[in-house]
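Structural overview for review
Here is how the chains run, residue by residue.
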Amino acid sequence: MQYSQKVMDHFMNPRNVGEIENPDGIGTCGNPVCGDLMTFHIKVEPHSDDLNAARISQIRFKTFGCGAAIAVASMASEMAQGKTLSEVIQMSRDDVANSLDGLPPIKMHCSNIGVQAIQEAIKDYLKRIGRQDLAVKVKGCPKESH
Amino acid sequence: MAREEKCIYLDNNATTPTDPRVLDAMLPYFHTMPGNPSSIHAAGRKARQAVDSARGRVSALLGCRSDEIYFTSGGTESDNIAIKGTCFAQEERKKIITSSIEHHAVLTVCEYMQKFGYELVKVPVDRHGIVDLDFLNRAVDDHTLLVSIMHANNETGTIEPIQKIIEITRRHGAIFHTDAVQTVGKIPIDTNALMVDMLSLSGHKFYGPKGIGALYVRRGIRFDPLAHGGHHERSKRAGTENVPGIIGLGEACAIALNEMTAEELRLKALRDRLWQSIWEKIPKVSLNGHPTERLSGTLNFSVEYVEGESMLLKLDLEGICASSGSACTSGSLEASHVLVAMGIPHALAHGSLRFSLGRFNTEKDTDAVINVLPGIVEKLREISPLYQR
């Protein structure tokens with residue numbers, strides 16, 4: 001199994017690591033039982049329920065997992081930074097894998113959960129601002145990975 | 001890559017570097033001594049003599065007769081012949097017993113035999129990886145054809161109480177096979193004293209070449225061949241002998257016979273010193289495997305809050321080759337079946353590291369680990385959501 005140079009770069013120098021004090025949303029995906037777990041904190045500006053106006057102004061993550069999981073979280077955080085919520089909701093796992101110049105096939109399912117974890121944080125944000133109705137429409141993390 | 005030159009190789013349970021003495025013994029048999037042992041001419045006779053002599057050296061290490069040794073391509077083939085071969089040679093007994101921590105070369109073969117109507121029982125292990133003898137005692141009966149339990153585990157190094165297992169097995173007239181690829185050449189084995197029926201060994205696990213192994217079969221034990229063809233290996237394993245490999249295996253056995261007692265002590269001291277330092281410098285680490293009944297070169301432990309593959313990748317970038325029981329390194333999505341069977345929580349199994357030391361390792365190598373591992377763990381813990389300072 002061989003990781004791309006981009007994966008190794010993000011693994012060795014992960015971007016946006018950490019947590020945010022008083023975040024607007026927190027999202028988690030994965031499970032230590034399957035070996036990969038990631039948590040994202042986001043800040044949203046402006047504090048709007050207009051998904052095309054509200055943007056992710058700050059994003060931080062923490063990951064327990066293999067090299068791929070760390071690189072995925074780092075890359076997904078970079079891709080989501082500054083984007084509107086609707087743009088992030090439309091991001092897919094493949095977008096992250098492609099931006100990393102691919103992932104080994106075995107890593108595509110379990111480790112490639114960065115997008116879902118960020119979408120969980122968006123769901124959390126929408127719930128916090130009282131838009132449960134919008135939150136349920138965001139896919140987020142598949143149930144078996146909670 | 002330049003990195004390969006300074007590779008500190010601490011993965012000797014996976015495979016070992018071929019000993020230069022073994023390589024020297026093998027080299028003439030590639031070109032200057034080209035004979036096929038089955039040929040009648042001088043070159044053939046020389047090859048035959050060399051193969052016979054190597055067979056004698058293997059049997060000397062195991063304390064058996066040389067006609068009880070069958071050369072194979074390695075541990076996996078030996079295990080396959082032992083299990084399938086005994087099944088195919090009879091029809092009366094239809095039960096196989098193995099352990100939950102076997103190498104896949106045994107586990108998968110036993111599971112395959114269920115297709116042919118064999119009942120399979122897997123004996124559980126305790127938290128140190130020792131098989132449950134009471135369970136085994138209840139499981140073995142007069143329908144049991146074969147009990148196959150490894151001599152020592154490749155991941156943890158835990159050594160099984162083979163003597164007691166054999167006593168239980170023999171009470172019911174079952175055949176006992178052991179996958180001994182991790183112990184042959186490392187600890188003394190006397191097949192006669194043990195009354196083991198079949199034993200698998202592999203050359204590359206103890207400084208021989210890859211692609212050669214052997215199966216010991218006690219005289220009188222019936223088994224069918226898997227590879228049919230010519231009369232090689234007394235018609236039990238057809239195919240022209242791997243002469244250079246066989247010579248290499250013989251040399252590896254002869255070296256081990258001379259050196260293993262001293263080497264075992266040296267490795268134990270080296271390993272215990274490594275573990276002591278890791279334990280002192282890294283909080284929240286726990287040993288996997290038996291504290292004393294364990295191969296002297298094997299060190300397996302779990303690092304809390306951190307995943308194994310990410311540690312391996314960082315060690316690799318520092319030029320250190322090791323191994324882990326994390327899902328990421330098994331090629332599947334499951335953590336090590338061995339650690340899980342021992343009752344180790346999944347997260348800790350994913351966070352396991354194995355350093356297996358060997359003949360060519362020195363304190364310089366273990367010092368390198370001690371120098372870099374605490375920093376690697378700390379960095380990964382900093383980004384772990386499971387870790388709270």
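My aim in this report is to walk through the structure given alongside it, one point at a time.

Basis of the calculations
- Residues numbered from 1 in each chain as written.
- Chains lettered and ligands numbered in written order.
- Predicted model: local features only at pLDDT ≥ 70, side-chain atom pairs only at ≥ 80, totals over all residues.
- Heavy atoms only, no water.
- Phe/Tyr/Trp six-rings, centres within 6.5 Å; stacked < 30°, edge-to-face > 60°.
- Helix = DSSP H or I, 4+ residues; strand = E, 2+ residues; numbered from the N terminus.
- Buried < 20%, exposed > 50% of the residue type's maximum accessible area, 1.4 Å probe, protein only.
- Lys NZ or Arg CZ within 6 Å of the ring centre and 35° of its normal.
- Disulfide = S-S within 2.5 Å.
- Polar contact = N/O pair within 3.5 Å; in protein donor to acceptor, adjacent residues only side chain to side chain.
- Contact = heavy atoms within 4.5 Å.
- Salt bridge = Lys/Arg side-chain N within 4 Å of Asp/Glu carboxyl O.

1. Let's talk about the packing of aromatic side chains
Residues and elements named next belong to chain B.
- In this structure the tally under the stated criterion is 8 aromatic pairs over all chains.
- With 5.8 Å between their ring centres and 80° between their planes, Phe88 and Phe116 make a pair best called edge-to-face. Here Phe88, found in helix H3 (residues 75-88), pairs with Phe116, found in the loop between helix H4 (104-113) and strand E4 (119-123); they are 28 residues apart in sequence, far enough to count as distant.
- Arranged with centres 5.4 Å apart and planes meeting at 40°, the rings of Trp275 and Phe301 form a pair that is tilted. Of the two residues, Trp275 is situated in helix H9 (residues 243-281) and Phe301 in strand E10 (residues 298-303); the sequence distance between them amounts to 26 residues. Here the two residues Trp275 and Phe301 agree in accessibility, since each one is buried.
- In this structure an aromatic cluster arises from ring pairing among Phe88, Tyr112 and Phe116.
- Across the ring face of Phe223, the terminal group of Lys236 is positioned such that the distance to the ring centre comes to 4.5 Å.

2. Observations regarding the state of the cysteines
- One pass over the structure, following the stated rule, counts 1 disulfide over all chains.
- What pairs with Cys29 of chain A in a disulfide is Cys141 of chain A, and their sulfur atoms sit 2.0 Å apart. Looking along the S-S bond of the Cys29 of chain A-Cys141 of chain A disulfide, the torsion reads about 70°, which is the right-handed sense. With Cys29 of chain A in strand E1 (residues 25-31) and Cys141 of chain A in the segment after helix H7 (132-135), this pair connects stretches of sequence that are 112 residues apart. Accessibility assignment for this pair places Cys29 of chain A and Cys141 of chain A in one class, buried.
- A disulfide-free cysteine, Cys64 of chain B has its sulfur positioned 9.8 Å from the sulfur of Cys253 of chain B, the nearest such atom.
- Unpaired in this structure, Cys110 of chain B has its nearest cysteine sulfur neighbour in Cys87 of chain B, at a distance of 7.9 Å.
- Residue classification places Cys110 of chain B among the buried residues on the basis of a relative accessible area of 0%.

3. Quick notes on the side chain of Ser59 of chain B
Residues and elements named next belong to chain B.
- Position of Ser59 among the secondary structure elements: in helix H2 (residues 42-62).
- By relative accessible area, which is 5% here, Ser59 ends up buried.
- At 2.9 Å, the side chain of Ser59 forms a polar contact with the backbone oxygen of Gly56.
- Apart from the residues lying within four places of it in its own chain, the contact partners of Ser59 are Cys64, Arg65, Ser66 and Ile69.

4. Here's the deal with the pattern of salt bridges
- This model, assessed by the stated rule, comprises 24 salt bridges over all chains.
- For the salt bridge of Lys107 of chain A with Glu309 of chain B, the shortest nitrogen-to-oxygen distance reads 2.9 Å. Note that Lys107 of chain A is positioned in helix H5 (residues 107-110) and Glu309 of chain B in helix H10 (residues 308-317), a pairing that runs across two chains. Each member of the pair, Lys107 of chain A together with Glu309 of chain B, is buried.

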